[in-house]
Amino acid sequence: MAGENWGRVAEDGTVFVRTKDGERAVGQWPDANPEEALAFYTRRYDALAFEVELLEQRVQAGTVSPDDARAAVKKVTGSIEDAQAVGDLDGLLTRLEALTPLVAQQRERRKAERAAKVEEARSAKTKIATEAETIAAGTDWRHGVTRLRELLDEWKALPRLDKSSDDELWHRFSSARTTYTRHRKQHFAELSSKREEAAVVKERLAAEAETLASSNEWGPTSGRFRDLMRQWKAAGPAPREVDDKLWARFRAAQDLFFGARDAVQAEENAEQVENLQAKEALLTEIETILPVEDARTAREQLRVYLDRWDQIGKVPRDSMRTIDGRLRAVEQAVKAAEDEVWNRSNPEARARAEATVKQLQSLISDLEKQAAKFEAQGNTRKATEAREAIAARREWLTQAQNALTDFS
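Numbering of residues begins from 1 in every chain and follows the order in which that chain's sequence is written. Whole-chain, interface and lining totals are the exception, using all residues; otherwise, since this is a predicted model, local features are given only for residues with pLDDT of at least 70 and side-chain atom pairs are given and counted only at 80 or more. Side-chain figures throughout are based on the complete set of non-hydrogen atoms in the structure, without hydrogens or water.

With an unreviewed UniProt entry as reference, the protein is termed DUF349 domain-containing protein, source organism Kribbella soli.

Enquirer: Is there a simple way to explain the overall build of the protein in this structure?
Expert: Within the protein one finds 12 helices and 3 strands. The C-alpha radius of gyration of the protein comes to 63 Å, more than 25% above the 22 Å expected for a compact globule of 408 residues. Expressed as lengths along the three principal axes of its C-alpha atoms, the size of the protein is roughly 195 × 80 × 40 Å. Considering only intrachain contacts with a sequence separation of at least 6, the fraction spanning at least 24 residues in the protein is 67%. Here the protein displays about 26,400 Å² of accessible surface, and carbon together with sulfur accounts for 51% of that area. Lys and Arg are tallied as positive, Asp and Glu as negative. Neither His nor the chain termini are counted. Positions of charges follow a simple convention, taking NZ of Lys, CZ of Arg, CG of Asp or CD of Glu. Taken together, the 66 basic and 73 acidic charged side chains of the protein have centroids lying 6 Å from each other. Helix and strand definitions here come from DSSP, where helices need a minimum of 4 consecutive H or I residues and strands a minimum of 2 consecutive E residues; each element is numbered from the N-terminal end. Throughout, the radius of gyration refers to the C-alpha atoms, and the reference size of a globule is 2.2 Å times the residue count to the power 0.38. Working rule for contacts: check all heavy atoms of both residues, and any pair within 4.5 Å makes them a contact. Where accessible areas are quoted, they stem from the Shrake-Rupley method and a 1.4 Å probe; at the residue level, only the protein chains shown are allowed to cover.

Enquirer: Help me understand unusual backbone geometry, please; the structure alone is not making it clear to me.
Expert: Phi is mostly negative for residues that are not glycine, and the peptide bonds are mostly trans. Between leucine 290 and the following residue, proline 291, the backbone shows a cis peptide bond with an omega angle of -10°. Locating proline 291 in the fold gives a position in the loop between α8 (240–286) and α9 (295–312).

Enquirer: Just checking my understanding: could you explain the nonpolar core for this structure?
Expert: One recurring pattern in soluble globular proteins: nonpolar side chains tend to sit buried together. To qualify as a nonpolar core, a set must consist of buried Ala, Val, Leu, Ile, Met, Phe, Trp, Tyr and Cys residues joined through side-chain atoms within 4.5 Å. Under the scheme applied here, a residue whose accessible area is under 20% of the maximum for its type counts as buried, over 50% as exposed, and between as partly exposed, the area being computed with a 1.4 Å probe on protein chains only. In this structure, Ile80, Leu89, Leu92 and Leu96 are the most contacted members of the largest nonpolar core, which totals 26 residues. Those elements that place two or more of their residues in this core are β2 (14–19), α2 (34–61), α3 (66–81) and α4 (89–137). With near-sequence residues (within four places) excluded, leucine 96 lies in contact with Val52, Leu55, Val73, Val76, Thr77 and Ile80. With 17 residues, the next largest nonpolar core counts Ala121, Ala132, Ala136 and Tyr180 among its residues.

Enquirer: Explain a negative patch on the surface here, please?
Expert: Together, Glu267, Glu268, Glu271 and Glu274 give the surface a local cluster of negative charge. Inspection of the secondary structure puts glutamate 271 in helix α8. Using a relative accessible area of 48% as the deciding quantity, one classes glutamate 271 as partly exposed. Patches here are clusters of residues that have more than 30% relative accessible area and form no salt bridge, with a 9 Å joining cutoff for like charges and a 5 Å cutoff for nonpolar side chains (Val, Leu, Ile, Met, Phe, Trp, Tyr). We count a salt bridge whenever a side-chain nitrogen from Lys or Arg sits within 4 Å of a carboxyl oxygen from Asp or Glu.

Enquirer: Quick question: what am I supposed to make of the pattern of salt bridges here?
Expert: Think of it this way: side chains of opposite charge can pair up when their charged atoms draw near. Taken as a whole, this structure holds 30 salt bridges when the rule is applied. A salt bridge links glutamate 338 to arginine 299, with the nearest nitrogen and oxygen atoms 2.8 Å apart. Of this pair, glutamate 338 sits in helix α10 (residues 317–344) while arginine 299 sits in helix α9, placing them 39 residues apart in sequence. Given the relative accessible area of 23%, arginine 299 is considered partly exposed.

Enquirer: Mind showing me how you'd approach the environment of leucine 212 here?
Expert: With respect to the secondary-structure elements, leucine 212 resides in helix α6 (residues 163–212). Expressed as a C-alpha distance, the spacing of leucine 212 and arginine 160, which sit 52 residues apart in the sequence, is 70 Å. Ignoring any residue separated from it by four or fewer positions in sequence, one finds leucine 212 in contact with Thr221, Arg224, Phe225, Leu228 and Phe257.

Enquirer: It is not clear to me how the packing of α6 against helix α7 (residues 218–235) should be interpreted in this structure. Could you clarify?
Expert: Think of two packed helices as two axes; the pair is described by the angle between the axes and how far apart they sit. Geometry is summarised by axes, namely lines fitted to C-alpha atoms with helices restricted to the contacting stretch, and by angles between N-to-C directions that run from 0 to 180 degrees. Taken N-terminus to C-terminus, the directions of α6 and α7 make an angle of 165°; their axes are 10 Å apart at the nearest point. It follows that α6 is roughly antiparallel to α7 by the angle criterion. The crossing of α6 and α7 is left-handed. The residues of α7 that touch α6, namely those facing Ala198, Val201, Lys202, Arg204, Leu205, Glu208, Ala209 and Leu212, are Thr221, Arg224, Phe225, Leu228, Gln231, Trp232 and Ala235. Polar here means any residue other than Ala, Val, Leu, Ile, Met, Phe, Trp, Tyr, Cys and Pro, which are nonpolar, and Asp, Glu, Lys and Arg, which are charged; Gly is therefore polar. Looking at side-chain class alone, the contact of α6 with α7 contains 9 nonpolar, 2 polar and 4 charged residues. Note on terminology: angles under 35 degrees are roughly parallel, angles over 145 are roughly antiparallel, angles of 65 to 115 are roughly perpendicular, and the others are oblique. Helix crossings get a hand from a simple test, with the near helix turned counterclockwise from the far one by less than a right angle marking a left-handed crossing and a clockwise turn marking a right-handed one.

In structure tokens:
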């Protein structure tokens, strides 16, 4: 038996185990078969060996913490030192001693891992506090509150740091959340106040729009509705339900007015189209005045046509320039003919033309005398200059005589 290598049974039934320090009595089995006695105490050893093996596996696998491992080694060591068992107890102690440096290594490794996790947590909490402070300094009232809740959940999931560091970072984070919440409440309180003010303004605008809905002063009232719309937009939003009701009132009044205006304008447009056709037909008659042969007759005809023209009424705006341009062309032609008649009968102009003719005739007479004198003196150069001056004045005289003929 294996137990015989590590123990024996004395004649009086005392069972001994062999260790490096000698034999040690572990129990007594009087009147028993020595083999049965050793087998019993060997089974006790097997249980201890199994416990040591199980502890080795847990320590080597790292499934037990270093503190728990050290406590387990100490406990099992104590149970082996005083064990009432037969077997290689010294071997079990040696195996347990071999676990001590492994437990120490695991302790250092876990210590380093904890330190790394603490630093990661410190970095993460610093980042959380910094982001919260950035949010608190901003005005993102919609997404900021959601993000701060997410940051709080992230903070709770992180391990604690040393008390001083953890308290400092928590104070930054908590202060940022408090600041953001205070500013957000203040913002929405101001917004609520502005919305109430906007509701008052829009109530007034809706009431005025309703008073204008039945107006038939299309131009001024259209301008006033544009002013009201600008004021409506500038007022900002009112509370949602109130804003919708006021807008429905304002829009209904606006639609009523512009619907009536559009209906009237549609009738006017149809009438103006007919007027355009009438004026185009009349223009065809008016343009028969051209070319103007008798200014007085043309003026009388044009006056009659213009009376008919004014009686027809307005035409579409986009056609006004074309037909007005054709009418102005006839008017300008008649005016030009009248100006020509006036110029011909103008006594002042006739007198100026006669004076010019006489003056040129007198000048030519004087120049002819000077030319004859120079020729008699034999002054060829002076005589030639005088003859050239006479030729030029004769051309002027011809033009002046033609002009005087126009007055006849």
